Structure formats: C-alpha cells, structure tokens
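Take a look at the letters that make up each chain.
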Amino acid sequence: MGKIVSRFAPSPTGYLHIGGARTALFSWLLARSQGGEFRLRVEDTDRERSTQEATDAIIDSMKWLGLVHDDEIVFQSTRVDRHNEVIDQLVEAGHAYYCDCSKEQVDAMREKAQKEGRKPKYDGSCREKGLATGVVRFKTPLQGTTAFKDTVKGSIAVENAEMDDMILRRSDGSPTYNLAVVVDDHDMGITSVLRGDDHVNNTPRQILIYRAMGWDVPEFGHVPMILGPDKKKLSKRHGALSVMEYEKMGYLPEAVVNYLARLGWSHGDQELFSMDEMVTFFSTDNLGNSPSVFDLTKFEWVNGQYMQKADPERLADMLCDFYAREVGVEEAKSVTREDFARIAPLLQPRAKSIVDMLEQSQPFIVDAGFLPYDENAVKKFLTDETKPLLEEIVGRIEALDEFSEQSLEDVHRQFLEDKDIKFKAIAQPIRVAIVGTTKSPGLFETMMVLGKEQTLARLKRAVEL
RNA sequence: GUCCCCAUCGUCUAGCCUGGUCCAGGACGGCGGCCUUUCACGCCGUUAACAGGGGUUCAAAUCCCCUUGGGGACGCCA
C-alpha cells in the first residue's frame, strides 16, 4: 500500500468547533502515524455563508492546536471549472443527465413518496429525456447495493434504490457538494477520508461517482459526534465553543488535544499522551463508534495535569498576556514577567487553567496597602491573641540579615520554641495576614515570592486591622 | 414516514472481531482516609455498568434475532 493521504475539509461558515477540531485531530493523527500527508481543504463553495473571518479562525485554531497541514491549502471555490469538466464527462458517458423539473414538481414527488411510506426522492422522470438544459443529475443505479467498509463503523450497505438521483450541477451552473468533494479528494490524491458521522449517508452516493469516473475509491471512516451533558448534540448552550474560546479561557492546547483524543479514541488504560505518543499509538482500530459526551470536569483535570508539568517560564509568558488582556497593557506593566515566573511554580499544582492561576496570583501582585482581606478569615484568625504574636514575628523577621526560605523557617521554629506553642497556632494567622485569605501555597515559599518588604508590610497591616 | 448507525459505571473508556482467564479493568467525579501550616497536589480505599427479551453453546458483555431507547440522514447546504 502506498503512502496515505488524509484531509480535513471544513466549510468556513463558522468557527472551528470542538467537534470539528476532533475530526481534524484524528485525520491528522492518521496521516502522521502512517508517515503520510495531511491536507487542508476549505470548502467555501457556499458563497452566501462562507466568510473570510471563519476561514482565518479555522486556520488559527488548527495552528494553535498544532495540527500542521502539508502542502498548500486548497480552496474549493477555485476549482469550479474542474468540477464542471467532470460533470460534463459524466453526462457524456451517460452517468448523468439533465433535468428540467421545477422545485415544486420535485417537492411534490417527495411528498408523495413519503406518504406512500417510501423514501422521499426524485422519481427520475427526466432520465431518458435527453434534455440539454436544467440541472444535471446523477443516474443512480436502480438495482443493487453499494457497500463499503467503514474504518470505524465496519460494514455499511445501502440499497441503490434508496438513493436519489442527486443533483450534480445546479441550475445556476454551480457544482454541488457531493460532486465537488469527490473530484477534489480524487485530484488531491486523498486515500483516507475521516469525517463526521453526519456524512455516512453521503458516502455511498460519493462512491457511485468514483465508480462512474473509474477512479479509485478511498477509505472512509466516520467518527461519531460529540454530545452535550444532556446527551443532545453539542450546541453553543453547552459550551460547544470554538476552539479559540478554550484558548481565551486559559486552557493549554496540548490539554485540549489530549482530552479530545481520548474522547472517542483510546490506547488501553492510558489517559495522558504527548503529541508524539498519540502519533505513534494512533490507529483507527481504536476509535470508538458511539457518540461521547463532552465532560468539562474531566477536561479540567487533564488541563490541570498539563499545568503542573508546564514550564513556569511559559506559564509566566501566558500570565503576562492574560493579565494585559484583563487590565490593559499600561496597567499590566506593574507586574513583570519575572514576577509571574516566581509565582507560577507555587500555583502550578493548584490551578486548573491560566485564568484560574491569574486569579490565584492576585494576592501576590497587589501592593500590601491594597491587599483585600477576607472578612471571616480576619475575624477568625487575626484576634487579640494572635496579633501580639504576629507583631513579635515582624520584629524577628526584620532582624534577619538573610531573607531565605531556610532562615524564615529557622526563625519561626525558634519563635515557637521560645513561646512553647505549636506551628498550627500561628500558621493560619500568618497566612491570612500575608495573603488575606485562608488558602495559599506554603507560608515560607509565599513569603519568599512576596519578598521581605511586602511580607513585613502585610504583617504590620494585619496587626492594625 | 423511510433508510443508515449506535447501546459497558453519572461521564470518558478497556474487554467484544478470535465466546471461558470478567461475580467486568482503568480514568474523571462522588464518598472515606492518609500526608499536612491552609488550599491544592500526591497516595490509599470505596462507590457505580454489560438497556430489555429471546435464542446458539457445556459456557455470552462477547455470536444471532427481536424490542426499546438514542443519534444521523432524507436540500438546486456543506
């Protein structure tokens, strides 16, 4: 068998959604795992609904996910002449014919057929008329069945009699989808088509065109769709957001890819995969054939895993960007990339996303004077008993010549010994004092990131509260 | 209505092709615990499923049929 060539062929009528992204991922994986090629084709023949923004958004999303395509992007709209050429050939060879039935007539046929319990379809009345105007229809064989081996669903067979004589060329002269895909896939040398479930019904029709043209039929695979929590087709209501929405929400692209891959694909018990691992392990044999529900909770867990493993420097860059996005470029200058680089490691095991991490960074990046204090925490821990202790600690920290995690720990141990009290007695009061809430990373590492000046300023302010 | 497809814990899934090793394994979540200066992380334990009914067979989650449920398609959209 020769080199495999797969493709992703979105129509630019909207953003790249999570479902489309997964389809793209599987196609990409299929090509990469076999050392093949992955092509991108933009199906922009619907001039009404296709937009440049959508095209850009799709390309950006693919880039963000790391799904790099080979060769040039093919824009279907540029290939109309070739499509028409094929249609003409089909007519000449007797595989297609002109039909001048009006829309109303065809609608009536369909309605009639449905009433009689048959599949609504065009009745083929123009088949042998030898017309030369109107739409061009494909002459679907009246008998027999068209079968194919779906690489994810197994054998699928459809009676030819079930199929309509589909329109190949509209009355305005433009080619239709089913014809265009076949011609493009053939011309691009596509050997493996992996696409959404909603195309299963189109496949037999397309196969018929391949055969009529005497072309090799590629391999087809149809991946089930992604459902919302209510098991209904994923929609905007559920967070069937565009891929770039996930970027805005502070998720890591490799986490999105990982989660998407595990939605419908598996490799034994493994949950976390690097891109390379996915590429080496991927096989359509392990693609599931039933629809799956997008579970945000599990996705967040996956993202958290990647947050923990991520390079703090990279996280720092992202935090800077997100911060600037949030408060504006000018204001964001008050916090440096280096600040974030010191904060990130403390928050890595605690943050589910960049946005989450930025939020948790707040106590670190405001000045002592503006640190918000949680009312309940203050009431509970900054009491008349603890304040004097904090005051004393201030003095001891001030006396420190070297401000390090070790020296901080030493000075506190000593303090506890002198007072004959447990660490528990002062831990939460100190925490509330320096970050304003009862939750934070370890005390001494937090102090280190805060710096001596900020630590003392906060402790002092807390005593005055 | 007609055709096509699907059906294992709440969710993602392994197992199904090549029946026995499955009183069904892993993961997320939930619950309980450990660790501990809080919160997380981590670790340990626990919870929970073969849609239903018929076959075939010594033996079925695995093969066959039916029912039910879900989805998709039926366009001069892609």
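Given the structure is predicted, the values throughout are model-derived calculations rather than measurements.

## Details of helix α18 (residues 423-435)
Given a rise of 1.5 Å per residue, 13 residues ought to cover 18 Å, and the 18 Å separating the end C-alpha atoms of α18 matches this to within 8%. Within the span of α18, buried status applies to Ile 426, Ala 427, Pro 429, Ile 430, Arg 431, Val 432, Ala 433, Ile 434 and Val 435. The inward-facing, buried residues of α18 abut α14 (354-365), α15 (375-381), α16 (386-398), α17 (405-419), α19 (443-450) and α20 (452-464). Once α18 finishes, Gly 436 follows within two positions and takes phi at roughly 90°, a positive value.

## What to know about the layout of surface pockets
As a volume, the largest pocket reaches approximately 1,100 Å³. Of all the elements, helix α1 (residues 18-33) adds the most residues to the lining of the largest pocket, at five residues. Here the lining of the largest pocket is built from residues that sort into 16 nonpolar, twelve polar and ten charged. Two domains share the lining of the largest pocket, each providing at least three of its residues, namely domain 1 (5-72 + 226-303) and domain 2 (76-223). Looking at the second largest pocket, its volume works out to about 350 Å³. Residue assignment for the lining of the second largest pocket shows that the elements contributing at least two residues are α4 (103-115) and β5 (135-138). At four residues, α4 tops the list of elements feeding residues into the lining of the second largest pocket. Of the residues belonging to the lining of the second largest pocket, the class tally is five nonpolar, three polar and six charged.

## So, unusual backbone geometry
Although it is not a glycine, Asp 71 adopts a positive phi angle of roughly 60°. Residue position: Asp 71 is located in the loop between α2 (52-65) and β3 (74-75). Residue Asp 71 is classed as exposed on the basis of its relative accessible area of 52%. A positive phi angle, near 55°, is found at Asp 420, a position not held by glycine. Judged by its relative accessible area of 69%, Asp 420 falls in the exposed class.

## What about the pattern of salt bridges?
By the definition in use, this model includes 33 salt bridges. Between Glu 43 and Arg 41 there is a salt bridge, with the nearest N and O atoms lying 2.8 Å from each other. A residue is classified by how much of its surface remains accessible, and Arg 41, at 0% relative accessible area, is buried. Across the salt bridge formed by Glu 271 and Arg 262, the nearest N and O atoms sit 3.2 Å from each other. What emerges from the salt-bridge pattern is a single network uniting Arg 7, Arg 41, Glu 43, Arg 79, Arg 82, Glu 85, Asp 184, Asp 185 and Asp 187.

Parameters at a glance
Residues numbered from 1 in each chain as written. Chains lettered and ligands numbered in written order. Predicted model: local features only at pLDDT ≥ 70, side-chain atom pairs only at ≥ 80, totals over all residues. Heavy atoms only, no water. Helix = DSSP H or I, 4+ residues; strand = E, 2+ residues; numbered from the N terminus. Expected span 1.5 Å × (residues − 1). Buried < 20%, exposed > 50% of the residue type's maximum accessible area, 1.4 Å probe, protein only. Contact = heavy atoms within 4.5 Å. 1 Å grid on protein atoms, 1.4 Å probe; cavity = no way out; pocket = protein on both sides within 12 Å on 5 of 7 lines; lining within 4 Å. Points joined across faces, edges and corners; volume = space filled by probe spheres on them. Nonpolar A, V, L, I, M, F, W, Y, C, P; charged D, E, K, R; others polar. Domains from an automatic or database assignment. Salt bridge = Lys/Arg side-chain N within 4 Å of Asp/Glu carboxyl O.

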